[in-house]
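# What the coordinates show
One letter stands for each residue in the lines below.
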Amino acid sequence: MKVSIFITCLGDVFYVNAGKATVELLERYGCEVDFPETQTCCGQPAYNSGYHEKTKAAAKNMITAFEHSEYVVCPSGSCAYMFHEYEELLQDEPDWKVKATALKRKTYELTQFLTEVLQIENTGAEFHAKATYHTSCHMTRLLGVKEAPLKLLSNVSGLEMVDLPNRHDCCGFGGTFSVKMPEISQQMVDEKALHIEETDADVLIGADGGCLMNIGGRLNRQNKPIKVMHIAEILNSRGDN
């Protein structure tokens, strides 16, 4: 099985270990992994800000970059879902719309791919800690991936999972929302940080780099001793934490 990695901007710049863990997980299960080097930003920040015409160039570039891929796997539910938006974005350009539909159908968020395509619920991971999981908005509400991350985490040896109060509440990142409305965003992430602290967890786990960056930054500013990790790192761990 050939899999192309869509690493995302945040994965490329800030969460390199999550990208490495993603590749190692896929290779462990026999996937032949490649990395199309012409990939760039998926265009989500511009798209969500209303610049749809300007987003088309990014969309077409990404469609072309992954056109010959058998599967596309992304360690971010938010960015994986952006590929689903291309179909509507390019609806007035029939040839591109067909290509956008093809890309949507073969693109998966990492935990979605592990459970739905590879049929894996236990990666053999071992990680000794008390942890809680943050459900990102785009991944759960738009992409519809809800149970896969929790199922995989429940089978990690040594990991004690604690339910996060009001876990479906947004962390306040929202891409450009946190830039345009910082005061509201801060109140939202403060509430999220408070709920995380209530769990008495050592580790906060998430599947979207934006959420992790936002929550992790706030926890750090509040001097909270809570480690923030991408789910790929946990699922790839072998008890060396």
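One can find the structure itself at the top, above this paragraph.
Computed from a prediction, not measured in an experiment: that's the story for all the values here.

A few words now on the overall build of the protein chain. The number of helices and strands found in the protein chain is 13 helices and eight strands. For 241 residues, the compact-globule estimate of 2.2 N^0.38 gives 18 Å, and the protein chain sits close to it at 18 Å. If one aligns the C-alpha atoms of the protein chain with their principal axes, the spans along those axes are about 50 × 45 × 25 Å. By residue count, 50% of the 241 residues in the protein chain fall in the buried class.

We now examine the sheet that holds strand 4 (residues 107-109). In spatial order, the strands read 2-1-3-4; together these four strands make up an open sheet with parallel pairing. If you trace the sheet from one side to the other, it starts and ends with strand 2 (32-34) and strand 4, each paired once. Strand after strand, the sheet turns through a mean of 30 degrees between neighbouring axes, direction not considered. Strand direction decides the pairing type here: strand 1 (residues 2-5) and strand 2, joined by three bridges, are parallel. Paired with Val3 across the strands is Val33, a residue of strand 2.

Right, let's get into the side chain of Glu109. Relative to the assigned elements, Glu109 resides in strand 4. The buried charged residue Glu109 lacks any salt bridge partner; its closest oppositely charged side chain belongs to Lys146, at an N-O distance of 13 Å. Here the side chain of Glu109 touches Thr111 through a polar contact of 2.5 Å, side chain to side chain. In contact with Glu109, other than residues within four places in its own chain, are Cys74, Ser76, Gly77, Ala80, Met139, Leu143, Val145 and Ala207.

The subject of this paragraph is the environment of Asp190. Take Asp190: it is sitting in helix 11 (residues 182-198). When the C-alpha positions of Asp190 and Cys31 are compared, they lie 40 Å apart, and in sequence the two are 159 residues distant. A distance of 3.2 Å separates the side chain of Asp190 from the side chain of Gln222, its partner in a polar contact.

On to the pattern of salt bridges. Taken as a whole and assessed by the stated rule, the structure comprises nine salt bridges. Glu93 is paired through a salt bridge with Lys56; the nearest N and O atoms lie 3.8 Å apart. Residue Glu93 is found in the loop between helix 5 (77-89) and helix 6 (94-105), and its partner Lys56 is found in helix 4 (residues 52-65); the two are separated by 37 residues along the sequence. The partly exposed category is assigned to Glu93, whose relative accessible area is 24%. With a closest N to O distance of 3.4 Å, Asp163 and Arg167 form a salt bridge.

The rules behind the values
- Residues numbered from 1 in each chain as written.
- Predicted model: local features only at pLDDT ≥ 70, side-chain atom pairs only at ≥ 80, totals over all residues.
- Heavy atoms only, no water.
- Helix = DSSP H or I, 4+ residues; strand = E, 2+ residues; numbered from the N terminus.
- Rg over C-alpha atoms; globule rule 2.2 N^0.38 Å.
- Buried < 20%, exposed > 50% of the residue type's maximum accessible area, 1.4 Å probe, protein only.
- Pairing = 2+ DSSP bridges.
- Axes fitted to C-alpha atoms, helices over the stretch in contact; angles between N-to-C directions.
- Lys, Arg positive; Asp, Glu negative; His and termini not counted.
- Salt bridge = Lys/Arg side-chain N within 4 Å of Asp/Glu carboxyl O.
- Polar contact = N/O pair within 3.5 Å; in protein donor to acceptor, adjacent residues only side chain to side chain.
- Contact = heavy atoms within 4.5 Å.

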